[in-house]
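# Descriptive analysis of the structure
For reference, the chains in residue letters:
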Amino acid sequence: MEKQGWRCRKLVLVPCPFQGHINPMLQLGTILHSKGFSITVAHAQFNSPQTSNHPDFIFQSLPDGISSKPDIPRDFLAFMSSLNLNCRAPFQEFLSQMIGKQEQQDELPCIIYDALMYFAEAVSSQLKLPSIILQTCSVTTMLTYFAYPRLQEEGYIPPQDSNSTELVPGLHLLRFKDLPSNTFDDLDPTLQLIAILSNIGSSSAIVLCTKLLRRPLVAYWKEDSSCISWLNKQGHNSVIYVSFGSIASVDAKELTEMAWGLANSNQTFLWVIRPDPDNGAEPTDWLPDEFKETVGERGYIVKWAPQQVLAHGAVGGFWSHCGWNSTIESISEGVPMICRPCFGDQKVNTRYISHVWRNGFELENDLERGKIERAIKRLMVEKEGEEMRQKAAELKEKTEVSIKKGGSSNNSLNELVELITSG
Ligand code: UDX
């Protein structure tokens, strides 16, 4: 972080309108509000946040010209380009008006924007306002983005085999198959996205998320808290929680294999299956009747669970796609993981969980019921799973230390506040 001060007390946050991005931004806003900053959230109309959980924030909607729901991750780059193009002018107008009303330097705002909302950096720079990036991925993922130009120059990207298990030179223990990209078949979109995510522009600091704040946040689906009553009836550490976040999806065949893997494992499970975005089909419509009869009360299925299920004492394991929020939530609650990364940074997170932190392992290759059953037993009942649970508990302790006075996260937060406020 560069040493210079701006004497700002007003912050304008610009989140990217996806669950896994908007929540970390609002968490940061909540922390900074508690340090005395006023918070304005300038957000796209698409997926606009519910304001009721944040009565102290001002919300400013930016017309974004988005008329239909994009197919994510397939259309991600095109969607982000339109969003950035369309939000720029309204954001500039909003900030200009805000500045026009201010008389003193310490009333000027500082902009904190999601790395994907790069129009905010362009506008801040034009209006000579200080700006800070929020990266919602892990620091390792970010360093991997920074390494792409070198890897391309040295001829390692695109890789000859994107599923190669060979180590990528200079990236510690990451293999080519762990690199954060959806595909290397069409290199340009991947490189464009990486260039966006690693562009610092005129920003003075990068904020990375390393901890969970337990607070009601934004959910684009209605939380089904009936699962908490069901969890209350289950034994300590007996339930495996299955959720693939807000974007990743599995097809009907994989869903059936997951169902039978869960049923045959004989473990109790809480499973989030989001409604089909195309036809709105109920999650349980997909599942065979025979499965429902076999499982009975042993399994509980919801369309969207409250975030706090990971903190429930009955949850003893988490089968996750390893989005960064899910990963830090699992670490913060000391829950070991089965990792099933789908795309992007999830692969990097998985490699760190399975080979550095050792609080989980990866379920690789095709989803097949026998393999799933074995993986669940490995995590939930076998000695190896117990060791991972121990590692998870140690990590939880470390995160708790880091947020206490003198801890690393706490110190970084104080440095951030000092950077924004000191004259
Ligand atoms: C996206 C990307 O996919 C991910 O790779 C990136 O790291 C962040 O942005 P998403 O896929 O939604 O995020 O995953 P994740 O980062 O794990 O965020 C999901 C959030 O939804 C978590 O906070 C999780 O607790 C919450 N959630 C999920 C619920 O509250 N209820 C649910 O039923 C499922």
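Reading guide: rules and limits
Residues numbered from 1 in each chain as written. Predicted model: local features only at pLDDT ≥ 70, side-chain atom pairs only at ≥ 80, totals over all residues. Buried ≥ 20, exposed ≤ 12 C-beta atoms within 10 Å, placed from the backbone. Helix = DSSP H or I, 4+ residues; strand = E, 2+ residues; numbered from the N terminus. Pairing = 2+ DSSP bridges. Right-handed = clockwise from strand over helix to strand, strands pointing away. Axes fitted to C-alpha atoms, helices over the stretch in contact; angles between N-to-C directions. Near = placed C-beta within 6 Å. Nonpolar A, V, L, I, M, F, W, Y, C, P; charged D, E, K, R; others polar. Left-handed = near helix turned anticlockwise from the far one by under 90°. Contact = placed C-beta atoms within 7 Å.

Looking now at the pairing of strand β2 (residues 38-44). With six of its seven residues buried, β2 lies for the most part within the structure. Note that strand β1 (residues 10-14) and β2 share four bridges and pair parallel. Along β2, the bridge assignment pairs Lys10 with Ser38. Handedness of the crossover joining β1 and β2 through helix α1 (residues 19-34): right-handed. Where β2 meets strand β3 (residues 58-62), five bridges bridge the pair, whose relative direction is parallel. Across the sheet, residue Ala44 finds its bridge partner in β3, namely Leu62.

Moving on, we get to the sheet that holds strand β12 (residues 360-362). Pairing is parallel in the open sheet, where six strands are placed in the order β9-β8-β7-β10-β11-β12. Edge positions in the sheet fall to β9 (299-302) and β12, since each has one partner strand and no second. Adjacent strand axes in the sheet meet at a mean angle of 15 degrees, parallel and antiparallel pairs treated alike. Where strand β7 (residues 239-243) and strand β10 (residues 315-320) come together, five bridges link them in parallel fashion. Pairing of Val242 across the sheet is with Trp319, part of β10.

Quick look at the site of the ligand now. In the vicinity of the ligand lie 25 residues, with Gly20, Gly245, Gly323, Asn325 and Ser326 positioned nearest. Broken down by secondary-structure element, the contributors of at least two residues to the shell around the ligand are α1, α9 (324-333) and α10 (345-357). The residue makeup of the shell around the ligand, split by class, is nine nonpolar, 14 polar and two charged.

Turning to unusual backbone geometry, a few remarks are in order. Geometrically, the link from Ile157 to Pro158 is a cis peptide bond, its omega value of 0 degrees lying close to zero. Looking at the secondary structure, you find Pro158 in the loop between α4 (139-153) and α5 (187-197). Of note in the backbone geometry, Lys128 takes a positive phi value of approximately 60 degrees without being a glycine. Checked against the element boundaries, Lys128 lands in the loop between α3 (119-126) and β5 (131-135). You will see that Asn237, though not glycine, has its phi angle at about 55 degrees, which is positive. With respect to the helices and strands, Asn237 occurs in the loop between α6 (226-232) and β7. On the basis of neighbour counts, which here come to 17 C-beta atoms within 10 Å, the residue Asn237 falls in the partly exposed class.

It is the contact of helix α2 (residues 76-100) with α3, at a shortest axis distance of 9 Å, that shows an interaxial angle of 35 degrees. Read as a crossing pair, α2 and α3 show a hand that is right-handed. Residue-level inspection shows Asn84, Cys87, Arg88, Phe91, Gln92 and Leu95 of α2 in contact with α3, the latter providing Phe119, Ala120, Ala122 and Val123. Among the residues making up the contact of α2 with α3, the classes are represented as seven nonpolar, two polar and one charged.

On to α9. Counting buried residues in α9 gives nine out of 10 residues, a clear majority hidden from the surface. Along α9, the residues classified as buried are Trp324, Asn325, Ser326, Thr327, Glu329, Ser330, Ile331, Ser332 and Glu333. Looking one or two places after α9, you find Gly334, whose phi comes out positive at around 70 degrees.

Tracing the backbone shows Glu362 in strand β12. Judged by local crowding, Glu362 falls into the partly exposed class, with 19 C-beta atoms found within 10 Å. On a C-alpha basis, the gap between Glu362 and Trp319 in space is 9.6 Å, while along the polypeptide they are 43 residues apart. The contacts of Glu362, once residues within four sequence positions are left out, are Cys339, Thr350 and Ser354.

Below, the discussion takes up α10. In terms of burial, α10 is largely enclosed, as 10 of its 13 residues are buried. Of all the residues in α10, the buried ones are Asp345, Gln346, Lys347, Val348, Asn349, Thr350, Arg351, Tyr352, Ile353 and Ser354. If you follow the buried residues of α10, they end up packed against α4, α9, β11 (337-339) and β12. Backbone geometry just downstream of α10 places Arg358 in the positive-phi region, at approximately 60 degrees.

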